[in-house]
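# Observations on the three-dimensional arrangement
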Amino acid sequence: MDRRSFLTLTAASFALPFSARAAALSYTPGMVQERLAKGETLFLDFTASWCSTCRSQARTIQALKSDNPAYEQGVTFIDIDWDTYGKSDLAKSLKIPRRSTLVVLKGDQELGRIVAQTGTSDIKALMDTALAAATS
């Protein structure tokens, strides 16, 4: 094995646990109800790839998760593609008005919601709500 391949593979092996840990789950029908039934605290991100507000929220969420690994240890993050599931039963039951909506759920309760806000303090407060619910 040449040096370049060795260094590339070594760097990738160190980065893999962090990149895998940082990724949110991609929504599939029934996932939310299944995970709530298991007692998980969910952070739902109704997002679209073409939405600049969604991308800004994603950058902020990722930065906050990097700063505090406890978020990912206690909270299940789920990305819900707006183009695919914006008119789904889940979106209707939660009364999701648009993409760029973030929702925290635990059990049968909605604990918080942000619609089209990108401020770090607002998103952090919602993530802190989720973490508090997950650890209580």
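The structure this text deals with has already been given above.
Structural notes, computed from the coordinates. (Residues numbered from 1 in each chain as written. Predicted model: local features only at pLDDT ≥ 70, side-chain atom pairs only at ≥ 80, totals over all residues. Heavy atoms only, no water.)

Attention now goes to the pattern of salt bridges. For the structure shown, the criterion picks out five salt bridges. Of the charged contacts, one joins Glu40 and Arg35 as a salt bridge, the two residues approaching to 3.2 Å between their closest N and O atoms. The exposure class assigned to Glu40 is buried, which follows from its relative accessible area of 17%. Given the relative accessible area of 22%, Arg35 is considered partly exposed. (Salt bridge = Lys/Arg side-chain N within 4 Å of Asp/Glu carboxyl O. Buried < 20%, exposed > 50% of the residue type's maximum accessible area, 1.4 Å probe, protein only.)

Let us look at the layout of surface pockets. Size it by volume and the largest pocket reaches roughly 300 Å³. Listed by contribution, the elements that provide at least two residues to the lining of the largest pocket are β2 (41-47), α3 (52-67) and β3 (75-81). Considered class by class, the residues forming the lining of the largest pocket number eleven nonpolar, four polar and five charged. (1 Å grid on protein atoms, 1.4 Å probe; cavity = no way out; pocket = protein on both sides within 12 Å on 5 of 7 lines; lining within 4 Å. Points joined across faces, edges and corners; volume = space filled by probe spheres on them. Helix = DSSP H or I, 4+ residues; strand = E, 2+ residues; numbered from the N terminus. Nonpolar A, V, L, I, M, F, W, Y, C, P; charged D, E, K, R; others polar.)

For α3, which comprises 16 residues, the first-to-last C-alpha distance of 23 Å matches the rise-based estimate of 22 Å (1.5 Å per residue) to within 8%. Among the residues of α3, those classed as buried are Cys54, Ser56, Gln57, Thr60, Ile61, Leu64 and Lys65. (Expected span 1.5 Å × (residues − 1).)

Within the largest apolar cluster, 20 residues are counted, with the highest numbers of intra-cluster contacts made by Tyr27, Val32, Leu44, Phe46, Ile78 and Ile80. Secondary-structure elements contributing two or more residues to this core are α2 (31-37), β2, β3, α5 (82-85), α6 (89-93) and β4 (101-106). Excluding residues within four positions of it along the chain, Ile78 makes contact with Ala24, Leu25, Tyr27, Met31, Val32, Arg35, Leu42, Phe43, Leu44 and Asp45. Ranked by size, the runner-up nonpolar core spans 14 residues in total, among them Phe43, Leu102, Val104 and Ile123. (Core = buried A, V, L, I, M, F, W, Y, C linked by side-chain atoms within 4.5 Å. Contact = heavy atoms within 4.5 Å.)

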